[in-house]
Amino acid sequence: MHVVIEPKILYFGSAVVLISTLNEDGTPNLAPMSSAWWLNQSCMLGMSSKSQTVQNLQRERECVLNLPSTDFVHAIDQLTLLTGRDPVPESKAKRGYQHEADKFGIAGLTPMPSHHVRAPRVLECPVQLEATLMNVHAVEDPSSLVALEVRIQKVHIEEHLQMDGHPNYVDPSKWKPMIMNFCEYFGLDHQLSSSRLAPVFGPTT
Ligand SMILES: Cc1cc2nc3c(=O)[nH]c(=O)nc-3n(C[C@H](O)[C@H](O)[C@H](O)COP(=O)(O)O)c2cc1C
């Protein structure tokens, strides 16, 4: 039997992304988010335009999408309820957000230079995707939410994630994404079965 409910959020589970952008003064900002979905070589990011990240993206039109593995829950926790905005917008201050200028430092993460964009990559993240902003779409107008369409320009992965004998493929059995399931962190537990789609898109062995 199904029941009708009215949940406050609809976060049915998606990968956590750590977005790095450049502030106006050239220092880096870092923010966790998880309303992200992938389409071919693009990604759509759902974010509040009150965040420092969106302001940076709209000005610089560049970012890096760093994907943490399940080993980095602690770093994500350190970044929770922090913003690069100064002063903190009133709506965020009411929810307990505080300003933090050194997000890399507070999370114990290391910036490293990117190839294509000025924003730094996060050394500790096994996947780093350099991206440029293509479009900004209003969502639930008149709210502050926007969907940012970014195009992935360069893909960096840790060597151990490469599929044996197929250097341009990520081995899904080795990649351990951090999943935000509603507002809690999960890992992918185990593979359910092999998929008939996998051979269409490339080698699975
Ligand atoms: C795991 C996690 C997922 C989040 N997902 C989103 C999201 O999808 N969209 C969003 O706008 N904020 C999201 N947030 C909140 C942002 O991190 C928060 O707004 C932060 O202040 C943004 O930092 P910034 O203002 O320095 O850009 C998430 C936070 C956490 C910890």
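Look above for the structure.
Report on the accompanying structure. Just so it is clear, the model here is predicted, and its values are computed rather than measured.

### Describing the side chain of Arg-121
Moving on, step 1. Take Arg-121: it is sitting in strand E10 (residues 121-122).
Moving on, step 2. One buried charge, Arg-121, has no salt-bridge partner; the nearest side chain with opposite charge is Glu-130, at 4.4 Å.
Moving on, step 3. Within the local environment of Arg-121, its side chain forms a polar contact with the side chain of Gln-128, the two groups lying 2.8 Å apart.
Moving on, step 4. A polar contact of 3.0 Å, which involves the side chain of Arg-121, links it to the side chain of His-156.
Moving on, step 5. Apart from residues lying up to four places away in sequence, Arg-121 is in contact with Val-64, Asn-66, Phe-104, Thr-110, Pro-111, Met-112, Pro-113, Ser-114, His-115, Gln-128, Glu-130 and His-156.

### Description of the environment of Glu-130
Moving on, step 1. Within the secondary structure layout, Glu-130 lies in strand E11 (residues 127-138).
Moving on, step 2. Not counting residues within four places of it along the chain, the set of residues in contact with Glu-130 comprises Cys-63, Val-64, Ser-114, His-115, His-116, Val-117, Arg-121, Arg-151, Ile-152, Gln-153, Lys-154 and His-156.
Moving on, step 3. Separated by 2.7 Å, the side chains of Glu-130 and His-156 make a polar contact.

### Examining the sheet that holds strand E1 (residues 14-15)
Moving on, step 1. Here we have 3 strands laid out as an open sheet, ordered E1-E15-E16, and antiparallel in their pairing. Each having just a single partner strand, E1 and strand E16 (184-187) make up the two edges of the open sheet.

### What to know about the sheet that holds strand E3 (residues 28-33)
Moving on, step 1. The strand order across the open sheet formed by 7 strands is E3-E2-E6-E11-E12-E5-E4, and the pairing between neighbours is antiparallel. Of all strands in the sheet, those with a lone pairing partner are E3 and strand E4 (36-39), marking the two edges. Averaged over neighbouring strand pairs, the angle between their axes works out to 30 degrees when direction is ignored.
Moving on, step 2. Pairing of strand E2 (residues 17-22) with E3, which is carried by 6 bridges, proceeds in the antiparallel orientation. Within the sheet, the bridge partner assigned to Val-17 lies in E3 and is Met-33.
Moving on, step 3. Those strands touched by helix H1 (residues 52-60) are E2, E3, strand E5 (42-48), strand E6 (62-67), E11 and strand E12 (145-157), and its axis lies near 50 degrees from that of E2.

### Some details on the site of the ligand
Moving on, step 1. Near the ligand lie 21 residues; those nearest to it are Pro-32, Thr-53, Thr-83, Gly-84 and Lys-92.
Moving on, step 2. Between the ligand and Asn-29, the relevant distance is 3.0 Å, taken from an oxygen atom to a side-chain nitrogen or oxygen of the residue.
Moving on, step 3. Protein chains bury 90% of the 640 Å² of accessible surface belonging to the ligand in isolation.
Moving on, step 4. Of all the elements in the fold, those that place two or more residues in the shell around the ligand are E3, E5, H1 and strand E7 (82-83).
Moving on, step 5. Sorting elements by how many residues they give to the shell around the ligand places E3 first, with 4 residues.
Moving on, step 6. Tallied by class, the residues present in the shell around the ligand amount to 8 nonpolar, 11 polar and 2 charged.

### Focus: the environment of Val-117
Moving on, step 1. Its location among the elements puts Val-117 in the loop between strand E9 (111-112) and E10.
Moving on, step 2. Counting along the chain gives 64 residues from Val-117 to Asn-181, while the straight-line C-alpha distance between them is 31 Å.
Moving on, step 3. Excluding residues that lie within four positions of it along the chain, Val-117 makes contacts with Glu-62, Cys-63, Val-64, Glu-130, Ala-131 and Thr-132.

### Here's the deal with the packing of aromatic side chains
Moving on, step 1. Applying the stated rule across the entire model yields 1 aromatic pair.
Moving on, step 2. Measuring from centroid to centroid gives 5.0 Å for Phe-12 and Phe-182, while their planes differ by 75 degrees, and the two rings are edge-to-face. One end of the pair, Phe-12, is in the segment before E1; the other, Phe-182, is in the loop between strand E15 (178-181) and E16, and 170 residues separate them in sequence.
Moving on, step 3. Over the aromatic face of Tyr-97 sits the side chain of Lys-92, whose NZ or CZ is 4.7 Å from the ring centroid.

Cut-off values and rules
Residues numbered from 1 in each chain as written. Predicted model: local features only at pLDDT ≥ 70, side-chain atom pairs only at ≥ 80, totals over all residues. Heavy atoms only, no water. Helix = DSSP H or I, 4+ residues; strand = E, 2+ residues; numbered from the N terminus. Buried < 20%, exposed > 50% of the residue type's maximum accessible area, 1.4 Å probe, protein only. Lys, Arg positive; Asp, Glu negative; His and termini not counted. Salt bridge = Lys/Arg side-chain N within 4 Å of Asp/Glu carboxyl O. Polar contact = N/O pair within 3.5 Å; in protein donor to acceptor, adjacent residues only side chain to side chain. Contact = heavy atoms within 4.5 Å. Pairing = 2+ DSSP bridges. Axes fitted to C-alpha atoms, helices over the stretch in contact; angles between N-to-C directions. Near = heavy atom within 4 Å. Areas by Shrake-Rupley, 256 points an atom, 1.4 Å probe, with all protein chains shown as cover. Nonpolar A, V, L, I, M, F, W, Y, C, P; charged D, E, K, R; others polar. Phe/Tyr/Trp six-rings, centres within 6.5 Å; stacked < 30°, edge-to-face > 60°. Lys NZ or Arg CZ within 6 Å of the ring centre and 35° of its normal.

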